[in-house]
Amino acid sequence: MLLTLWFGLLAGLLSSFVSAEANAVYQDPDTGLVFSSNYQLYKVDRGITFRIAIPTDVQSYTSYDAVVQVVVPNDVGWAGIAWAGSMPRNPLLVAWRNSQNQVVLSSRWATGHVPPQTYTGAQYTLFKTGTKSNSTHWQFTALCKGCTSWNTDTGATRYLSPRGGNRLAFAYSPNKPSNVNSATSTIPIHDVFGYWQHDFTQATNRDWATVVERLTV
Ligand code: HEM
Ligand SMILES: *[C@@H]1O[C@H](CO)[C@@H](O)[C@H](O)[C@H]1NC(C)=O
C-alpha cells in the first residue's frame, strides 16, 4: 500500500516535469517581449527552456529577425539550437559560458554529421537585459539576423514560417568547448538531441522595433 502510494507520487512528480506545457506563451518581465516557450528534457528530471519572439505582420517567405531566449541549468556544458530541426545545412546556434561566466554565442553550420564550422549568414547580438545567472541556471537573450532564412546547397532559399509551427532541434553536451573564450572553438559532440514543433504564431510582438532598439543599446 505505502509502496504503491510512493510510486504513484513519484510518477506524478515525473509527469509534471515531462508535461511542462508545450508552446506556452511567456511574457518576459525583463525584456517586455512575448515569447512562445518550449521545455526540452536532456535528463529524466532536467530540461532547457527555448523561447522565440518575432515581429508581427511578417510576410511568409521573407527573412525576418527573431529574438531567442534560452534558460539553461548550470550542469550544461554547451547547448545548441538547429533552426530547421536537423543538424546538417541550417543555421546552428551554440551557447556556453566562458572563464568569466559570460555567455558566448557561436553561429555555426554543419555540412553533415561532422563538427560544425563558423557561419556568417546568421548574426547574434546578445542583450544585457534578459541575460543573467544564479546558483541553478544561466540564461541569455539575443537578437538573431539570418536565423529564419538561409540558402541550401542547391541554391534554393529556405524560410521559417512566421505563422504556425516550425520544427526546431536542440543538442546538449555536459562538456564545454576546448577554448571557452573563443566563439570559434572546436565543440565536443552532444550527448543528447531532440526535436519539437515551435509555434511562431504566438511569438509575435507588435512594438518590435521600439523594444528591440531599446534592448540593443
Ligand atoms: C561538435 C561536433 C558535432 C558532431 C561530431 C556531431 C555529430 C552528430 C552525429 C554523428 C549525429 C547522428 C547521431 C544519430 O543519428 O544517432 C548527430 C545528430 C544531431 N546533431 Fe550533431 N554533432 C555535432 C555538433 C552539433 C551541434 C553543435 C548541434 C546543434 C547546435 C547538433 C545537432 C544535432 C541534431 C539536432 C542531431 C539529430 C539528427 C539530425 O537531425 O541531424 N550537432 N550529430
Ligand atoms: C534562476 O535563474 C533562472 C534563469 O533566469 C530562473 O528561471 C529561475 O527562476 C531562477 N531561480 C531562482 C531561485 O531565482
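Residues numbered from 1 in each chain as written. Chains lettered and ligands numbered in written order. Predicted model: local features only at pLDDT ≥ 70, side-chain atom pairs only at ≥ 80, totals over all residues. Heavy atoms only, no water.

**What about the state of the cysteines?**
Okay, step 1: All told, the structure shown has 1 disulfide when counted by the stated rule.
Okay, step 2: Covalently, C144 is tied to C147 through a disulfide, its sulfur atoms 1.9 Å apart. Because the torsion about its S-S bond is 80°, the bridge between C144 and C147 counts as right-handed. Here C144 matches C147 in class, with each residue buried. (Disulfide = S-S within 2.5 Å. Buried < 20%, exposed > 50% of the residue type's maximum accessible area, 1.4 Å probe, protein only.)

**Some words on the site of ligand 1**
Okay, step 1: Near ligand 1 you find 20 residues, and of these M87, H113, I187, H190 and Y195 are the closest.
Okay, step 2: One of the side-chain nitrogen or oxygen atoms of Y195 is found 3.3 Å away from an oxygen atom of ligand 1.
Okay, step 3: Residue classes in the shell around ligand 1 are distributed as 16 nonpolar, 4 polar and no charged. (Near = heavy atom within 4 Å. Polar contact = N/O pair within 3.5 Å; in protein donor to acceptor, adjacent residues only side chain to side chain. Nonpolar A, V, L, I, M, F, W, Y, C, P; charged D, E, K, R; others polar.)

**A closer look at the packing of aromatic side chains**
Okay, step 1: Considering all chains together, one arrives at 8 aromatic pairs under this definition.
Okay, step 2: With a centroid separation of 6.4 Å and 45° between ring planes, the pair formed by F170 and W196 is classed as tilted. One end of the pair, F170, is in strand β14 (residues 165–173); the other, W196, is in strand β15 (residues 192–199), with 26 residues separating them in the sequence. Across this residue pair, the class does not change: F170 and W196 are buried.
Okay, step 3: Joined through ring pairs, the aromatic side chains of F50, F170 and W196 make up one cluster.
Okay, step 4: R51 extends its terminal NZ or CZ atom over the ring of Y26, reaching a point 3.6 Å from the ring centre.
Okay, step 5: Here the basic side chain of R167 rests over the ring of Y195, its NZ or CZ set 4.2 Å away from the ring centre. (Phe/Tyr/Trp six-rings, centres within 6.5 Å; stacked < 30°, edge-to-face > 60°. Helix = DSSP H or I, 4+ residues; strand = E, 2+ residues; numbered from the N terminus. Lys NZ or Arg CZ within 6 Å of the ring centre and 35° of its normal.)

Bear in mind that shape data such as this cannot, by itself, settle questions of function.
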